[in-house]
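# Working through the structure, step by step
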Amino acid sequence: NAGVTQTPKFRILKIGQSMTLQCTQDMNHNYMYWYRQDPGMGLKLIYYSVGAGITDKGEVPNGYNVSRSTTEDFPLRLELAAPSQTSVYFCASTQPPFEAFFGQGTRLTVV
Amino acid sequence: AQTVTQSQPEMSVQEAETVTLSCTYDTSESDYYLFWYKQPPSRQMILVIRQEAYKQQNATENRFSVNFQKAAKSFSLKISDSQLGDAAMYFCAYRPIINSGGSNYKLTFGKGTLLTVNP
């Protein structure tokens, strides 16, 4: 089992560029999440999905978009990257009521 | 809305000693899970321990144990016989069991406690 796989691990973007962070899980989990982690701020929820075709906003959705066309994949799209989106991004999945499994994170720098 | 508070941004402990990390939370739910996650410098989020709110017995996992006080909404982590490999950021997290009130099994994190282990 690969668990939750995130790509890329690192990325540098220029202001105004776009990119997609990929997330795939092979555990057949219905629930998937995207978090961002900023120093001293813990993890904040960007978007989440309760199943294929269903997504909803978390605490900090502005500047991001998601889609969930399959159970396995939950990509996060950044349009018009801004320096405020410099962060570490984590994808996670779970099948309630059990614990969430996390990807290894993506360190994104917007310059 | 549920909130999780970790009041200790940083803690330090001597190797082989015991340390306790604090966590409080706020919720109106009666059934939920609480978690402690460890994040070493590798960035990987690793589950340390899980507590079901309906269980009165405190969870233990080897050197890790919790003190769960439901009425006080407190969930502290005790690390016994601390090892150098325990040095990491520790996050407390909350998630409801029942999908009610729009909570949709959201996992809410505290801001973390950075633990340093001194040799």
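Figured I'd write up the structure that's included with this text.

Reading guide: rules and limits
- Residues numbered from 1 in each chain as written.
- Chains lettered and ligands numbered in written order.
- Predicted model: local features only at pLDDT ≥ 70, side-chain atom pairs only at ≥ 80, totals over all residues.
- Heavy atoms only, no water.
- Helix = DSSP H or I, 4+ residues; strand = E, 2+ residues; numbered from the N terminus.
- Rg over C-alpha atoms; globule rule 2.2 N^0.38 Å.
- Buried < 20%, exposed > 50% of the residue type's maximum accessible area, 1.4 Å probe, protein only.
- Contact = heavy atoms within 4.5 Å.
- Buried area = accessible area lost by both parts, 1.4 Å probe.
- Salt bridge = Lys/Arg side-chain N within 4 Å of Asp/Glu carboxyl O.
- Pairing = 2+ DSSP bridges.
- Axes fitted to C-alpha atoms, helices over the stretch in contact; angles between N-to-C directions.
- Phe/Tyr/Trp six-rings, centres within 6.5 Å; stacked < 30°, edge-to-face > 60°.
- Lys NZ or Arg CZ within 6 Å of the ring centre and 35° of its normal.
- Polar contact = N/O pair within 3.5 Å; in protein donor to acceptor, adjacent residues only side chain to side chain.

### Overview of the overall build of chain A
- Looking only at helices and strands, chain A has zero helices and eleven strands in total.
- The helix and strand sequence of chain A, counted from the amino end, reads β-β-β-β-β-β-β-β-β-β-β.
- Taken against the 2.2 N^0.38 rule, which gives 13 Å for 111 residues, the C-alpha radius of gyration of chain A at 13 Å falls within 12% of a compact globule.
- Considered along the principal axes of its C-alpha atoms, chain A spans approximately 40 × 25 × 25 Å.
- The buried share among the 111 residues of chain A stands at 47%.
- Within chain A, contacts between residues at least 6 apart in sequence are counted, and of these 53% link residues at least 24 apart.

### Regarding the interface of chain B and chain A
- Each partner contributes residues to the interface: chain B has 21 residues there, and chain A has 27 residues.
- Carbon and sulfur atoms supply 53% of the area that chain B and chain A bury against each other, a total of about 2,000 Å² over both sides.
- The tally of links between chain B and chain A comes to one salt bridge.
- The shortest N-O distance in the salt bridge between Arg50 of chain B and Glu99 of chain A comes to 2.8 Å.

### Section: the pattern of salt bridges
- One pass over the full model with this rule turns up seven salt bridges over all chains.
- Three or more residues are tied together by salt bridges with common partners; here these are Glu99 of chain A together with Arg50, Glu52 and Lys55 of chain B.

### Focus on the side chain of Gln85 of chain A
- In this fold, Gln85 of chain A is placed in the loop between β8 (76-78) and β9 (87-94).
- When sequence neighbours within four positions are dropped, the list of residues in contact with Gln85 of chain A reads Arg36, Asn62, Gly63, Tyr64, Leu78, Leu80, Leu108 and Val110 of chain A.

### Notes on the sheet that holds strand β3 (residues 19-25) of chain A
All names here are of chain A.
- Strand order in this open sheet of four strands is β1-β3-β8-β7, and the pairing throughout is antiparallel. Both outer strands of the open sheet, β1 (4-7) and β7 (64-66), are each paired with one neighbouring strand and no more. Between one strand axis and the next, the sheet turns through 20 degrees on average, direction left out of account.
- Bridge count between β3 and β8: three bridges; the pairing is antiparallel. If you follow Thr20 over to β8, its bridge partner there is Arg77.

### Some remarks on the environment of Ala92 of chain A
All names here are of chain A.
- Inspection of the secondary structure puts Ala92 in strand β9.
- It is 13 Å that separates the C-alpha atoms of Ala92 and Thr7, two residues lying 85 residues apart in sequence.
- With residues up to four places along the chain from it excluded, the contact list for Ala92 reads Tyr31, Met32, Tyr33, Ala100, Phe101 and Phe102.

### Some thoughts on the packing of aromatic side chains
- Taken as a whole and judged by the stated rule, the model has 16 aromatic pairs over all chains.
- Centre to centre, the rings of Phe102 of chain A and Tyr37 of chain B are 5.4 Å apart; their planes meet at 80 degrees, and the pair counts as edge-to-face. Placement of Phe102 of chain A in strand β10 (residues 101-102) and of Tyr37 of chain B in strand β5 (residues 32-39) is noted, with the two residues assigned to different chains. Across the pair, exposure class does not vary: Phe102 of chain A and Tyr37 of chain B are buried alike.
- Among the aromatic residues, ring-to-ring pairing joins Tyr33, Tyr35, Phe90 and Phe102 of chain A together with Tyr33, Phe35, Tyr37, Phe91 and Phe109 of chain B into one connected group.
- Residue placement shows Arg68 of chain A over the ring face of Phe74 of chain A; its charged tip is 5.9 Å from the ring centre.
- Sitting over the ring of Phe10 of chain A, Arg43 of chain B keeps its end group 5.3 Å from the ring centre.

### Some thoughts on the side chain of Gln37 of chain A
- Turning to its location among the elements, Gln37 of chain A is positioned in strand β4 (residues 31-37).
- Judged by its relative accessible area of 14%, Gln37 of chain A is buried.
- For Gln37 of chain A, the side chain forms a polar contact with the side chain of Gln39 of chain B, separated by 2.8 Å.
- Apart from the residues lying within four places of it in its own chain, the contact partners of Gln37 of chain A are Gly42, Leu43, Ser87, Val88 and Phe90 of chain A together with Gln39 and Phe91 of chain B.

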